[in-house]
Amino acid sequence: MATANKTERLREQEADNSAELSTLEWDDEPAGDETAAAALNESPALHLTVPAEAKDQRLDLYLVAQAPGTSRSAIQRAITGGDITVNGKTVKPSHRLSAGELVSGQIPSAPVIDALPENVPLDILYEDAEILVVNKPAGLVTHPGAGATSGTLANALVYHLQQQALQLPRRGGSSRPGIVHRLDVGTSGLLVVAKTDRAHLHLAEQFQARTVQKHYLALVYGVLKTDGGQIEAPIGRDPRSRIKMAIVPEPAGRQSLTLYRVVERLPEFTLLDVEIKTGRTHQIRVHLAHVKHPIVGDTTYDAGRVNSIKRPQLRAAIARLDRPFLHAARLGFTHPTTGAPIEFTAPLPADLQTFLTAARA
């Protein structure tokens, strides 16, 4: 029961954070400043005439379909706060629509949640005056959002820098000072953090130029026949689910490229080295599911593949894994002040190593 509850909490946390992300914030692309992010997150003015086929729909559910990428909670707040009206009148989110009604207004951006200092333990692999490299555990959210207002990596970083009497970087904003890229809540591994604005700018430029080397270890269902390849397919918000991404045609989907190489073939799985050349939300998970080799433990995208595993002990081990078998194992970039190439590695954490041992048996 404890494992099931933990799994549900992780999924809810990921859903809330994913739903509230602005379009500037992708898994491994630099986050923009909060002013720009808020502007992009705020919807354009709405002037919708309700069609006949939407008759009797709830207003909030109707707007979820009209504003993909915007969470239902944000829409409900806008309706309750009077930012969205029907025929010029304030109504409830549960208002049943009639054909011909005029829905108008705007969905405000979510408020910025400041990262306050908290003494959260950090696994720091490297630190100097400009940067630090952290080995993030699974379950740790990168920065505050609707699903996690405290206990995040950003909270820990603020505390860590304040202990050194350092001024917080302004780039990244008050909710994510110094954070240049992020990992999903269930993904473990390497993150580089800027301690100065100069370092943040330099690192952000490297991410934008796609010169940062980002390699992950992923265990997927099935045995790949080829030794490697690439997946190139546009990714965007899943129009049927606010908590998921999907392969979506351009322009709604953004161009995405993933490279993979087989590290080890197991009886029912394949261990991959995955390199991403772009950094879309859930990119690795969506791309590998797209080629019918979803990541083990990824209950959002595995399409029930766990049921294809015949050994009960192995199915139980997947349930205990309690998160996707995805680890940011290698990270390489140019040091922002010395200009020297620098690379870091992080071994598989204990939970993934334990499962891998069981899968090899």
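Not measured: the values here are computed from a predicted model. (Residues numbered from 1 in each chain as written. Predicted model: local features only at pLDDT ≥ 70, side-chain atom pairs only at ≥ 80, totals over all residues. Heavy atoms only, no water.)

### Points about helix H7 (residues 283-290)
With six of eight residues buried, H7 is to be regarded as a mostly interior element. Taken residue by residue, H7 has Gln283, Ile284, Arg285, Val286, His287 and Leu288 as its buried positions. One or two residues past the end of H7 sits Lys292, with phi positive at roughly 70 degrees. (Buried < 20%, exposed > 50% of the residue type's maximum accessible area, 1.4 Å probe, protein only. Helix = DSSP H or I, 4+ residues; strand = E, 2+ residues; numbered from the N terminus.)

### Structural notes on the pairing of strand E7 (residues 213-221)
Burial analysis of E7 places eight of its nine residues in the buried class, which makes it a mostly covered element. Note that E7 and strand E13 (residues 326-334) share six bridges and pair antiparallel. Paired with Ala218 across the bridge in E13 is Leu326. Note that E7 and strand E12 (residues 269-276) share seven bridges and pair antiparallel. In the sheet register, Val220 faces E12, and the bridge partner there is Thr270. (Pairing = 2+ DSSP bridges.)

### Quick notes on the nonpolar core
Judged by nonpolar contacts, the single largest core of 48 residues is most densely connected at Leu219, Phe269, Val296, Phe325 and Phe355. With six residues, the top contributor of residues to this core is E7. Residue contacts for Leu219: discarding those within four places in its chain leaves Leu266, Phe269, Thr270, Leu271, Pro294, Ile295, Val296, Phe325, Phe355 and Leu356. Listed in part, the 18 residues of the second largest apolar core include Ala67, Ala74, Ala78 and Ile107. (Core = buried A, V, L, I, M, F, W, Y, C linked by side-chain atoms within 4.5 Å. Contact = heavy atoms within 4.5 Å.)

### Focus on unusual backbone geometry
With an omega of 10 degrees, the peptide bond running from Glu250 to Pro251 counts as cis. Among the secondary structure elements, Pro251 is positioned in the loop between strand E10 (245-247) and strand E11 (257-265). You will see that Asn87, though not glycine, has its phi angle at about 55 degrees, which is positive. Position of Asn87 among the secondary structure elements: in the loop between strand E2 (84-86) and strand E3 (102-105). A positive phi is found at Asp322, a non-glycine position, where the angle reads about 65 degrees. Within the fold, Asp322 resides in the loop between helix H8 (312-321) and E13. Among the residues examined, Asp322 registers a relative accessible area of 10% and is labelled buried.

### Some words on helix H4 (residues 72-80)
Helical periodicity: at 3.6 residues per turn, an α-helix aligns residues three or four positions apart in one direction. Buried residues of H4: Ala74, Ile75, Ala78 and Ile79, and no others. Here the buried residues of H4 occupy an arc of 135 degrees about the axis, which is enough to place them on one side. In this fold, the buried residues of H4 make contact with helix H3 (59-66) and E2. Positive phi appears at Gly82, one or two residues downstream of H4, with a value of about 80 degrees. (Arc of directions from axis to C-beta.)

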